[in-house]
Amino acid sequence: MNMLDFFLNCFVTTTAVCVLSIWCKELIQLGTALWLAPRFGFKVKHFNLFHIHFENENGKWVTTKGKFSYLIQPLITIDLDQYTTPEENERKEKQLEALRIAILIAISVLLTILCLGPIRRVTAGEYGVMDCFLTAFCTGMCLHSLTTLGIRLYVYGVMMKKMLGYIQTLGNRLRAGESFTTMQIPPIEQLPYENPTQMEKMFYYNYYLSAMVMQDNTEAMRKPIHEMTTYFRDRDYIIQETMSYYWLIFYYSRYELNPAAATHFLNKIRQSIENDKDANAKRVLAYYAFGVEQDFAKARRYVDEAYLIVNNFSSHAEREVEYKLLDELNRYLRKKNS
């Protein structure tokens, strides 16, 4: 093998394992999410497909163009119209994930069987570029599928028995009708979990901050917000962390006015938040327009849009938070116009 063939095979192998097989794996995961989620009481709220953002608006997909994203990220949420009990929801979630992973592994194995010829030739050292590509692609598919399985087993077998499981329980209780005003959501230091991960803290803070808003305890929000600022400042944005960014933009537009910080986090998720049709996104943009841009007409427009859709937003407890914050900003805007 000459040097040119060697570098060509290295390029083909790297591209197949590190790029194309990952894209194929994520496209399969997206397809199974779109197909299976409604059958288990869930729905895909939105996803990115390279440079196109797809938003599910009352069962219809609306597309917008944005910057290119290497990852294909579907956000699967509970369909409240099909919600029954927390226990039933948890059972269905595990079934959905197990079936999606089983389909992914089955496709990977089938592709490997279909490519046994090229794999044998590569093993024997008598191969061409296409044999090298197919072998690398199948290897990548099997590797990434098993990695996905390993992550899920770790999450459900280990993480869910720790603080992450408690966080999921909080979410289930809220969807079942409990309120932030009646639930006990203490500071993270008072929870009986030693050495929680940064990821667990960030997810917990989404609930804790809502509870502090309902208690008018804005001082208690400072410490978690500053921790979140440090954690998210230089991270690449992923859809599953959207709510944390919403809290950061809102806080720095309202309680601790910091235009630089608010704008930094807004710019990281601008495409997602501007395409989000839920009331919390409108409320965050309204406070940013009011506190940072000082554009009261724009703030009024976002507040009015949020009021129109807030009753369709998520759980009763989350609607309470949105009404409280919208009413507060609405009063400020009325004073400005009086």
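Our subject is the structure listed above.
Here is a short report on the structure shown in this document.

How each quantity is defined
- Residues numbered from 1 in each chain as written.
- Predicted model: local features only at pLDDT ≥ 70, side-chain atom pairs only at ≥ 80, totals over all residues.
- Heavy atoms only, no water.
- Buried < 20%, exposed > 50% of the residue type's maximum accessible area, 1.4 Å probe, protein only.
- Helix = DSSP H or I, 4+ residues; strand = E, 2+ residues; numbered from the N terminus.
- Pairing = 2+ DSSP bridges.
- Phe/Tyr/Trp six-rings, centres within 6.5 Å; stacked < 30°, edge-to-face > 60°.
- Lys NZ or Arg CZ within 6 Å of the ring centre and 35° of its normal.
- Lys, Arg positive; Asp, Glu negative; His and termini not counted.
- Salt bridge = Lys/Arg side-chain N within 4 Å of Asp/Glu carboxyl O.
- Contact = heavy atoms within 4.5 Å.
- Axes fitted to C-alpha atoms, helices over the stretch in contact; angles between N-to-C directions.
- Parallel < 35°, antiparallel > 145°, perpendicular 65-115°, else oblique.
- Left-handed = near helix turned anticlockwise from the far one by under 90°.
- Nonpolar A, V, L, I, M, F, W, Y, C, P; charged D, E, K, R; others polar.
- 1 Å grid on protein atoms, 1.4 Å probe; cavity = no way out; pocket = protein on both sides within 12 Å on 5 of 7 lines; lining within 4 Å.
- Points joined across faces, edges and corners; volume = space filled by probe spheres on them.
- Expected span 1.5 Å × (residues − 1).

Of all eight residues that make up strand β1 (residues 42-49), six are buried, and the element is covered over most of its length. Pairing geometry for β1 and strand β4 (residues 74-78), over five bridges, is antiparallel. Note that in β4 the partner of His46 across the bridge is Leu75. Connecting β1 to the antiparallel partner strand β2 (residues 52-57) that follows it, the hairpin turn spans two residues, and Phe50 within it adopts a positive phi of roughly 60 degrees.

Scanning the model with the defined rule gives 19 aromatic pairs in all. With a centroid separation of 5.8 Å and 35 degrees between ring planes, the pair formed by Tyr166 and Tyr193 is classed as tilted. You can see Tyr166 sitting in helix α5 (residues 163-175) and its partner Tyr193 sitting in the loop between α5 and α6 (198-214), a full 27 residues away along the chain. A residue is classified by how much of its surface remains accessible, and Tyr193, at 27% relative accessible area, is partly exposed. Pairing Tyr204 with Tyr208 gives two aromatic rings, centres 6.4 Å apart and planes at 20 degrees, and the pair type is stacked. You can see Tyr204 and its partner Tyr208 sitting in helix α6, four residues apart, about one turn around the helix. The class of Tyr204 is buried, set by a relative accessible area of 0%. Here a set of aromatic residues connected by ring pairs shows up, and it is made of Trp247, Phe250, Tyr251, Tyr252, Tyr255 and Tyr287. A cation over a ring is seen here: Arg283 above Phe250, with NZ or CZ 4.9 Å from the ring centre. Arg301 extends its terminal NZ or CZ atom over the ring of Tyr302, reaching a point 5.4 Å from the ring centre.

Here Asp79 lies in the loop between β4 and α2 (86-114). The side chain of Asp79 is buried and forms no salt bridge, while Lys43, the nearest opposite charge, is found at 4.9 Å. Aside from chain neighbours lying at most four places away, what touches Asp79 is Gly41, Phe42 and Lys43.

Geometry of a packed helix pair, given as the angle between the helix axes and the separation of the axes. It is the contact of α6 with helix α8 (residues 242-254), at a shortest axis distance of 9 Å, that shows an interaxial angle of 45 degrees. On the basis of the axis angle, α6 is oblique to α8. Like other packed secondary-structure pairs, α6 and α8 cross with a definite hand, here left-handed. Within the contact between the two elements, α6 uses Met202, Asn206, Leu209, Ser210 and Val213 and α8 uses Met243, Ser244 and Trp247. Within the contact of α6 with α8, the residues separate by chemical class into five nonpolar, three polar and no charged.

Further remarks concern the sheet that holds β4. Within a sheet, adjacent strands bond to each other through the backbone by hydrogen bonds, running parallel or antiparallel. Strand order in the open sheet formed by four strands is β3-β2-β1-β4, and the pairing between neighbours is antiparallel. Edge positions in the sheet fall to β3 (60-65) and β4, since each has one partner strand and no second. Neighbour-to-neighbour, the strand axes of the sheet open up by a mean angle of 20 degrees, direction not taken into account. In this sheet, β2 lies alongside β1 in antiparallel orientation, the contact comprising four bridges.

Looking now at empty space enclosed by the protein. With the rule as written, the count across this model stands at two cavities of 30 Å³ or more. In this structure, the largest cavity spans a volume of roughly 70 Å³. Every residue along the wall of the largest cavity is listed here: Phe40, Gly41, Phe42, Ile78, Asp79, Gln82, Tyr83, Thr84, Glu88, Asn89 and Lys92. When residues of the lining of the largest cavity are assigned to their parent elements, the largest contribution, three residues, is made by α2.

This part takes up helix α10 (residues 279-291). Three- or four-residue spacings in an α-helix give side chains the same orientation, since the helix completes a turn every 3.6 residues. When the terminal C-alpha atoms of α10 are compared, their 18 Å separation across 13 residues agrees well with the 18 Å that a helix rising 1.5 Å per residue should span. Among the 13 residues of α10, 13 are classified as buried, and the element is accordingly described as predominantly covered.

Let us look at the environment of Tyr255. By the secondary structure assignment, Tyr255 is in the loop between α8 and α9 (259-275). Residue Tyr255 is classed as partly exposed on the basis of its relative accessible area of 24%. Separated by 53 residues in the primary sequence, Tyr255 and Leu308 have C-alpha atoms spaced 25 Å apart. In contact with Tyr255, other than residues within four places in its own chain, are Val213, Thr218, Met221, Phe250, Leu325 and Glu328.

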